[in-house]
Amino acid sequence: MVRASRITYVGELGWELYVPTEFMQGVYDELVGAGERYGLVHAGYHALNSLRIEKLPALGARHPDEDTPLEAGLGFAVKFDKPGGFIGRESAAAAKTSGGPSAWCSFKLKSPEPLLYPQ
């Protein structure tokens with residue numbers, strides 16, 4: 001039995017498959033075989049984060065606690081006119097007015113070489 005859960009963590013509709021260990025090799029082989037005609041490639045966790053970074057910024061998962069929602073590109077999710085306000089409203093409003101100390105952005109490297117992460 002395979003449990004398939006619809007997820008959108010990468011910013012596009014996707015699936016997570018939960019497979020009992022004893023069936024994993026067979027399910028893996030079927031997926032890889034079926035994916036060949038679509039150009040399926042193996043990708044790791046860092047690729048997953050890279051693919052979702054443009055569509056779905058995740059405050060807390062990728063940004064330190066010191067970053068404001070505006071710096072993280074989540075200003076669209078801050079409702080400044082929320083009835084009763086919210087904790088940190090004054091600070092967020094000041095950052096919106098001043099533009100904040102920094103902003104996150106994405107860029108593309110010219111080199112096709114993979115990035116190496118220190119262990």
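Residues numbered from 1 in each chain as written. Predicted model: local features only at pLDDT ≥ 70, side-chain atom pairs only at ≥ 80, totals over all residues. Heavy atoms only, no water.

Draft legend 1. Just the overall build of the protein chain, in detail. Of the regular secondary structure elements, the protein chain holds three helices and two strands. Counting across all 119 residues of the protein chain, residues that qualify as buried make up 15%. Look at the contacts in the protein chain between residues 6 or more apart in sequence, and 35% of them connect residues 24 or more apart. Carbon and sulfur atoms make up 61% of the accessible area of the protein chain, which totals about 10,000 Å². (Helix = DSSP H or I, 4+ residues; strand = E, 2+ residues; numbered from the N terminus. Buried < 20%, exposed > 50% of the residue type's maximum accessible area, 1.4 Å probe, protein only. Contact = heavy atoms within 4.5 Å. Areas by Shrake-Rupley, 256 points an atom, 1.4 Å probe, with all protein chains shown as cover.)

Draft legend 2. Structural view of the side chain of serine 5. Within the secondary structure layout, serine 5 lies in strand E1 (residues 3-7). By relative accessible area, which is 17% here, serine 5 ends up buried. Once residues lying within four places of it in the same chain are set aside, the contact partners of serine 5 are Gly14, Trp15, Glu16 and Tyr18.

Draft legend 3. Broad picture of the packing of aromatic side chains. Tallied over the full model, the rule gives one aromatic pair. One residue, arginine 3, lies across the ring of tyrosine 18, its end atom 4.9 Å from the ring centre. (Phe/Tyr/Trp six-rings, centres within 6.5 Å; stacked < 30°, edge-to-face > 60°. Lys NZ or Arg CZ within 6 Å of the ring centre and 35° of its normal.)

Draft legend 4. Focus on a nonpolar patch on the surface. A grouping of Val2, Trp15, Leu17 and Leu31 is seen on the molecular surface, where their side chains present a nonpolar patch of about 390 Å² in accessible area. Within the secondary structure, leucine 31 is located in helix H1 (residues 21-35). (Patch = residues over 30% accessible without salt bridge, like charges linked within 9 Å, V, L, I, M, F, W, Y side chains within 5 Å. Salt bridge = Lys/Arg side-chain N within 4 Å of Asp/Glu carboxyl O.)

Draft legend 5. Expanded view of the environment of arginine 6. As for its placement among the helices and strands, arginine 6 is situated in strand E1. Owing to a relative accessible area of 46%, arginine 6 belongs among the partly exposed residues under this scheme. Measuring from C-alpha to C-alpha, the distance between arginine 6 and glutamate 16 comes to 6.6 Å, with ten residues separating the pair along the chain. Discounting residues that sit within four places of it in the chain, arginine 6 has contacts with Leu13, Gly14 and Trp15.

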